[in-house]
Every structure is written in structure tokens, then in C-alpha cells.
Amino acid sequence: MPFRTKPELALAMLARALDAGVPAGWVAADEIYGQHSGLRLALEERGMPYVLAVPVSQSVFTVLDGRPVQCRADAVSTALPESGWTRLSAGAGAKGPRLYDWARVPIRLLSEPGRYWLLVRRSRTDGELAHYLCFCPPDAALADLVAVAGARWAIEESFQTAKGEVGLDHYQVRRYDAW
């Protein structure tokens, strides 16, 4: 089998699951997967909504200062006015609701309106920003996108628990052969 990247393997796995009729409403993933344009395109072709984290250097097409431009995600987020942010919970955490400030900006303006967004999360404590590319139904609310982004944290926590409790981080179970 030829070498494949993690996003290519994930895409193959997703394609098999969707082809088999496994129900799925959204796809959420971290930056490794979010910056893979082939994965995004394949999901869009299937009509599968997604919220995928991307690095600050991710290039997007949007409107800044009234002009359509191609720029980095962080250029879009730093240009957002304070009125563009909404405080929402990304789900329950160990210390209560995980409250962040969120904003979304339309991107890919020549495509279907309301389907493509740059979602930005801002930490209330230190102002740190996280960016997500989103493809969604036109009627999806900001709260919907936030809920999907927040659902990924539960998965990450499960992985951390599995690594600690059953040794999924040890070499014996990193290969398919061991399973």
C-alpha cells in the first residue's frame, strides 16, 4: 500500500463509513486535517458539513474594508470589531461551561452564500484565537458551528483517557497488527 498522509487515511475511512450508510451529521477535526484541501473538497462533494480547525496562516477569500481579498485567517480575525463577537459555551467542562467569544465571517464569496465560514474562537482569559473553516447548511446558526467545534474536545479527552488507562500511547498498540 502506498504511503498516505493522516488526512488521506481519514478520508478513506470516512468514505467507507459514509458509503456503508453510517449516519453522520458533521465532521470535526484538528489542524492536521483542516488544512488538507483534498479532505475538505471530498466532504463538500458529499454535502457533508464540517468544522475543521486550521492554522492562523490558512488562506481565505473574504471581504475586508469593503473589498474582496485573499488573506490569512489571522488577518480576518484581527480586523473583527468588538461587536462582531458573541459569547457562547462550547460545551460543559470540568469547571462548568466552556465559555469563549465566537465570531464567524463569510468566506468563498463566489460560492453558495451562507455555506462557507471562517469561525473564530477567542479565549476570554488571554485573548488567544483559534480558527476553523466551516462548510454547513445555509440555515446553520453560529451556535450550531460552536457546538460542533466543542464536540471535538470530548473526543480529545477520550483519547487522553484511553492513552492513560489502557496504554494506547505505547508502541504495542500503535500498529494495526497489535489489534
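As a starting point, this report considers the structure included with it. What you see is a predicted model; the values in this text were computed from it and never measured. (Residues numbered from 1 in each chain as written. Predicted model: local features only at pLDDT ≥ 70, side-chain atom pairs only at ≥ 80, totals over all residues. Heavy atoms only, no water.)

**With respect to the nonpolar core**
Counting 24 residues, the largest nonpolar core has Tyr-50, Leu-118 and Leu-133 as its most contacted members. Sequence-distant contacts of Leu-118, that is, excluding residues within four places in its chain, are made with Ala-73, Val-76, Ala-103, Arg-104, Val-105, Ile-107, His-131, Tyr-132 and Leu-133. Formed by 18 residues, the second largest nonpolar core is a distinct cluster that contains Val-51, Ala-90, Leu-142 and Trp-153. (Core = buried A, V, L, I, M, F, W, Y, C linked by side-chain atoms within 4.5 Å. Buried < 20%, exposed > 50% of the residue type's maximum accessible area, 1.4 Å probe, protein only. Contact = heavy atoms within 4.5 Å.)

**Some details on the sheet that holds strand 7 (residues 116-122)**
Reading across the sheet, the six strands line up as 1-2-8-7-6-5 and stay open at both edges, with mixed pairing between neighbours. The sheet is open, and its two edges are formed by strand 1 (27-29) and strand 5 (86-93), each paired on a single side. Adjacent strand axes in the sheet meet at a mean angle of 30° when their direction is disregarded. The sheet contact formed by strand 7 and strand 8 (residues 129-135) spans seven bridges and is antiparallel. Across the sheet, residue Tyr-116 finds its bridge partner in strand 8, namely Phe-135. Against the sheet, helix 3 (residues 37-45) touches strand 1, strand 2 (50-54), strand 7 and strand 8, its axis set at about 170° to strand 2. (Pairing = 2+ DSSP bridges. Helix = DSSP H or I, 4+ residues; strand = E, 2+ residues; numbered from the N terminus. Axes fitted to C-alpha atoms, helices over the stretch in contact; angles between N-to-C directions.)

**Some words on the layout of surface pockets**
One water molecule sets the probe size; rolling that probe over the atoms shows where empty space is left. Approximately 220 Å³ is the volume found for the second largest pocket. Around the second largest pocket sit 15 residues that line it, and Arg-40, Ser-59, Ile-107, Arg-108 and Leu-133 are the ones nearest its centre. Counting residues per element, the ones that place at least two in the lining of the second largest pocket are helix 3, strand 3 (59-64) and strand 8. Looking at the lining of the second largest pocket, the element that brings in the most residues is helix 3, giving four residues. (1 Å grid on protein atoms, 1.4 Å probe; cavity = no way out; pocket = protein on both sides within 12 Å on 5 of 7 lines; lining within 4 Å. Points joined across faces, edges and corners; volume = space filled by probe spheres on them.)

**Here's the deal with the packing of aromatic side chains**
What the rule picks out here adds up to four aromatic pairs. Residues Tyr-116 and Phe-135 carry aromatic rings whose centres are separated by 5.2 Å and whose planes lie at 45° to one another, so their mutual orientation is tilted. Here Tyr-116, found in strand 7, pairs with Phe-135, found in strand 8; they are 19 residues apart in sequence, far enough to count as distant. Of the aromatic side chains, those joined through ring pairs into one cluster are Tyr-50, Tyr-116 and Phe-135. Lying over the aromatic face of Trp-117, Arg-104 brings its terminal NZ or CZ to 4.0 Å of the ring centre. Positioned over the ring face of Trp-85 is Arg-122, at 4.3 Å from the centre of the ring. (Phe/Tyr/Trp six-rings, centres within 6.5 Å; stacked < 30°, edge-to-face > 60°. Lys NZ or Arg CZ within 6 Å of the ring centre and 35° of its normal.)

By themselves, these observations are geometric and do not establish any function.
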